[in-house]
Amino acid sequence: MRVIFAGTPEFASTALAQLHAAGHEIVLVLTQPDRPAGRGMKLQASAVKQFALAHDIPVAQPRSLRLEGKFPDDAQAAQTAIAQAQADVMIVAAYGLILPPWALDAPRHGCLNIHASLLPRWRGAAPIHRAIEAGDATTGVTIMQMDAGLDTGDMLLCQALPMAANATTAALHDKLADLGGRLIVQALTQVGQFQPQVQPGDGVTYAHKIEKAEASVDWAWPAALIERRVRAFDPFPGVSCVMRSAGPHSKTETVKLWQAQVVLEVAGTHVDSNAAPGTVLSADAQGLCVACGQDTLRITQLQRPGGKRISAADFVRGFALQPGQLLSAAA
C-alpha cells in the first residue's frame, strides 16, 4: 500500500521499520521538528526522521497541522504534501501533533493509530508509564481507526501482553513497540475487511503526560506505590529524593532511585511500624531500607548527581547514611 507514516520517537520508528520491511511504499514521513538534545544541546533528528533519511523517504516536519493555528504556512505545506502523496492510508504512532479533520480524511482509508494500551484504558500520552504505576497485570497494543477525539476511535485489532512484576517502562516499551509493528503490518492486510468495535464507555482512564515534578518521592506513600513509580519512571524522569550524609563532612545530594523492592522485615526483625516515613532503617550492602507510609522500601540501585547507576553496596561505601536519619523529598 501507499503509506504516509506520522511518528517521532523510537516506539514509532520500530513500526516504520516493520512496515518498510513488509514491502509497503512509504511515500511520506511526518515527524516532529529537530529538538536540542544531549549535553551540547545540539539539534537532533527524531528516530523516525533518521530511519526515513537512511531509506530515502521524503520527510516533512511541520510545527502544526492546524490551518488556522500559529503556523499556518507549515500546515498548508503539510496539507499539500499529504495530498500529493495520494496515500491509501496514514499510520500514526506517537507523533505528538493533533491531526485535524482534513488530515484524518486525506488518505483513502483514513488514519490508523498504534496505541500502547488496551483501549479504552490509558488513552493519552503516557500509557506505558501509567500502566506500570497503577500496577496493571496486563497491557497490550490497540490498532485504532482515528477520529477527532483523543484516542476515542473504533478498535480494529488488539493484542494483550502480560506485564512482568519487575517491568520498567524502558523494557516494556521495547516489547510493545515490536508488538505494535507486527500488529500494524497485520492490519494492512485486512484494510477494508475490518469489523470495527466501538470503544466501551466503561473502563476509560487517561494516561496524562509525565511531568518532571512527579519525580520527587513522597515517603508518606505506600512502599508499593513508590516501587511501581521507580519502575514506571525508568528511564525518565526517574524517582528522586534528598539525602544528607552522616559525619563531620556531611553533604546533601539529590539522589535518583532506580531499583527497589517492598520488604516486611529488616535485619530479621519485623519493621517498626512507628518509624516516621522517610526514616532510614538500615543502610548496607543489601540496600537502603526506608520507612514509608505503609511497609518499607529497600533501595538497591541508585545514582548520585553526575554519576552512573550503582548498586547499594557501592553507594553506601561512598555516601555515609546512619539508621534513624530522615530522607526528604526532592525540591
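Residues numbered from 1 in each chain as written. Predicted model: local features only at pLDDT ≥ 70, side-chain atom pairs only at ≥ 80, totals over all residues. Heavy atoms only, no water.

Enquirer: Quick question: what am I supposed to make of the sheet that holds strand 5 (residues 59-60) here?
Expert: Within a sheet, adjacent strands bond to each other through the backbone by hydrogen bonds, running parallel or antiparallel. If you walk across this open sheet you meet the 7 strands as 5-2-1-6-7-9-10, and the pairing is mixed. Two strands close off the open sheet at either side, each with one partner strand: strand 5 and strand 10 (155-162). By the bridge criterion, 3 bridges tie strand 6 (residues 89-93) to strand 7 (residues 111-115) in an arrangement that is parallel. By the bridge assignment, Met90 is partnered in strand 7 with Cys111. Packed onto the sheet, helix 1 (residues 10-21) meets strand 1 (2-7), strand 2 (25-30), strand 6 and strand 7 and runs at close to 165° relative to strand 1. Each of strand 1, strand 6, strand 7, strand 9 (138-145) and strand 10 touches helix 6 (residues 169-188); the most contacted strand, strand 9, lies at about 35° to it. (Pairing = 2+ DSSP bridges. Helix = DSSP H or I, 4+ residues; strand = E, 2+ residues; numbered from the N terminus. Contact = heavy atoms within 4.5 Å. Axes fitted to C-alpha atoms, helices over the stretch in contact; angles between N-to-C directions.)

Enquirer: Where do I start with the packing of aromatic side chains in this structure?
Expert: A ring pair, where both rings are aromatic, is described by two values, the distance of the centres and the angle of the planes. Using the criterion set out here, one finds 1 aromatic pair in the structure. Here Arg309 stacks its cationic end above the ring of Trp258, 3.6 Å away from the centre of that ring. (Phe/Tyr/Trp six-rings, centres within 6.5 Å; stacked < 30°, edge-to-face > 60°. Lys NZ or Arg CZ within 6 Å of the ring centre and 35° of its normal.)

Enquirer: It is not clear to me how the nonpolar core should be interpreted in this structure. Could you clarify?
Expert: The nonpolar side chains of a soluble globular protein tend to be buried, and buried together. The biggest cluster of nonpolar side chains holds 69 residues, and the ones touching the most others in it are Phe5, Ile91, Ile184, Trp219, Met243 and Leu257. Residue contributions to this core peak at 9 residues, all from helix 6. Listed in part, the 24 residues of the second largest apolar core include Ile4, Val92, Leu119 and Met155. (Core = buried A, V, L, I, M, F, W, Y, C linked by side-chain atoms within 4.5 Å. Buried < 20%, exposed > 50% of the residue type's maximum accessible area, 1.4 Å probe, protein only.)

Enquirer: Help me out: how do you make sense of the environment of Ser46 in this one?
Expert: One can find Ser46 in the loop between strand 4 (42-44) and helix 2 (47-54). Exposure remark for Ser46: the relative accessible area of 10% places this residue in the buried category. The residues touching Ser46, leaving out its near neighbours within four places in the chain, are Thr8 and Thr31. Within the structure, the side chain of Ser46 is placed 2.7 Å from the side chain of Thr31, a separation counted as a polar contact. From its side chain, Ser46 meets the backbone nitrogen of Lys49 in a polar contact 3.0 Å long. (Polar contact = N/O pair within 3.5 Å; in protein donor to acceptor, adjacent residues only side chain to side chain.)

Enquirer: Please clarify how the pairing of strand 17 (residues 287-291) should be interpreted in this entry.
Expert: Along any regular strand, the residues point their side chains to alternate faces of the sheet. Burial within strand 17 is extensive, with 5 of its 5 residues counted as buried. Judged by which residues are buried, strand 17 turns out to be covered on both faces: Gly287, Cys289 and Ala291 on one side and Leu288 and Val290 on the other are all buried. Taken together, the 4 bridges between strand 16 (residues 280-284) and strand 17 define a ladder with antiparallel strand orientation. Residue pairing across strands places Val280 opposite Val290, the latter belonging to strand 17. In this structure, strand 17 lies alongside strand 18 (residues 296-303), joined through 4 bridges in antiparallel fashion. Residue Cys289 lies in a different strand from strand 18, and its bridge partner there is Arg298. As consecutive antiparallel partners, strand 17 and strand 18 are separated by 4 residues, and within that stretch Asp295 has a phi angle of approximately 65°, a positive value.

Enquirer: How do you make sense of the packing of helix 5 (residues 127-134) against helix 7 (residues 223-232) when you look at a structure like this?
Expert: Angle between the axes and distance between the axes are the two parameters that describe a pair of packed helices. Interhelical geometry of helix 5 versus helix 7 gives an angle of 160° and a closest axis separation of 8 Å. It follows from the interaxial angle that helix 5 and helix 7 lie roughly antiparallel. Classified by chirality, the crossing of helix 7 by helix 5 is right-handed. Of the residues in helix 7, those in contact with His129, Ile132, Glu133 and Ala134 of helix 5 are Leu225, Arg228, Arg229, Arg231 and Ala232. Taken together, the residues of the contact of helix 5 with helix 7 sort by class into 4 nonpolar, 1 polar and 4 charged. (Parallel < 35°, antiparallel > 145°, perpendicular 65-115°, else oblique. Left-handed = near helix turned anticlockwise from the far one by under 90°. Nonpolar A, V, L, I, M, F, W, Y, C, P; charged D, E, K, R; others polar.)

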